[in-house]
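# Architecture at a glance
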Amino acid sequence: MSQLIRALLIATFFAIAHAQTSTPTPVDPAWTTVTNTSDLAIQQVAQFAVRIYALSTGKLKLGFVGVVSGQTQPFNAGYNYQLVITVSDGPAPRNYRNYSAAVWGILGTMSWKLWSFTPV
Ligand SMILES: *[C@@H]1O[C@H](CO)[C@@H](O)[C@H](O)[C@H]1NC(C)=O
Ligand SMILES: *[C@@H]1O[C@H](CO)[C@@H](O)[C@H](O)[C@H]1NC(C)=O
């Protein structure tokens, strides 16, 4: 990966992380629990979150394992996703860890953002 793309990803990630702490959401529509965590869209949102976090932090060995649970909320023409994701730390012997990821995006578009990604 080029240094420029990596720098942009890092800048985007931190800009987003900062924006989240300084901009409270004015309206708060209901959250809906994800009934099927194997759903392809949910799996792809979770994989996006792991990839962006890995790229923006340089922790390139982190790997997506699975989705533990999730909730969605209509937001800005798309959805907010609050997912608990199991992540591996690299090749065997692997350690698994659960992370809580907050993602916003519009399915079928390039409009996706990782709001936060923190261990639980
Ligand atoms: C959950 O989604 C997966 C992937 O689409 C599907 O194979 C599975 O049958 C679904 N499970 C239920 C209970 O709907
Ligand atoms: C992740 O969370 C699930 C559900 O709480 C739990 O069963 C699993 O052991 C957790 N995995 C890790 C690596 O903590």
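So, here's what we can say about the structure.

Conventions and cut-offs
Residues numbered from 1 in each chain as written. Chains lettered and ligands numbered in written order. Predicted model: local features only at pLDDT ≥ 70, side-chain atom pairs only at ≥ 80, totals over all residues. Near = placed C-beta within 6 Å. Nonpolar A, V, L, I, M, F, W, Y, C, P; charged D, E, K, R; others polar. Helix = DSSP H or I, 4+ residues; strand = E, 2+ residues; numbered from the N terminus. Buried ≥ 20, exposed ≤ 12 C-beta atoms within 10 Å, placed from the backbone. Pairing = 2+ DSSP bridges. Contact = placed C-beta atoms within 7 Å. Axes fitted to C-alpha atoms, helices over the stretch in contact; angles between N-to-C directions.

If you check the shell around ligand 1, you find N36, S38, D39 and L40 and nothing else. Residues that form the shell around ligand 1 fall into these classes: one nonpolar, two polar and one charged.

Let's shift gears to the environment of S38. Along the chain, the position of S38 falls in the loop between β1 (32-33) and α2 (40-57). Residue S38 is classed as exposed on the basis of its C-beta count, with 9 C-beta atoms lying within 10 Å.

Turning next to the site of ligand 2. Neighbouring residues of ligand 2: V68, T86, Y96, R97 and N98. Looking at the shell around ligand 2, the element that brings in the most residues is strand β4 (residues 96-105), giving three residues.

With ten bridges joining them, strand β3 (residues 78-88) and β4 adopt antiparallel strand pairing. The residue bridging T86 from the neighbouring strand is N98, located in β4. With seven bridges connecting them, β4 and strand β5 (residues 112-119) associate as antiparallel partners. Within the sheet, the bridge partner assigned to W104 lies in β5 and is K113.

Pairing analysis gives two bridges linking β1 to strand β2 (residues 63-75), with the strands arranged antiparallel. Bridge pairing in β2 places T33 opposite Q71. The pairing of β2 with β3 spans eleven bridges and is classified as antiparallel. Within the sheet, the bridge partner assigned to F64 lies in β3 and is V87. Counting the residues in the hairpin turn of β2 and β3 gives two residues, including N76, whose phi is positive at 50°.

Moving on, we come to the environment of T118. By the element assignment, T118 lies in strand β5. Between the C-alpha atoms of T118 and Y99, which are 19 residues apart in sequence, the distance is 5.3 Å. Setting aside anything within four residues of it in sequence, one finds T118 in contact with Y99 and S100.

A separate point is the sheet that holds β5. Taking strand neighbours across the sheet as the criterion, the five strands line up as β1-β2-β3-β4-β5 in an open arrangement whose pairing is antiparallel. Lying at the two open borders of the sheet, with one neighbouring strand each, are β1 and β5. On top of the sheet, α2 reaches β2, β3, β4 and β5; it is set at about 70° to β3, its chief contact.

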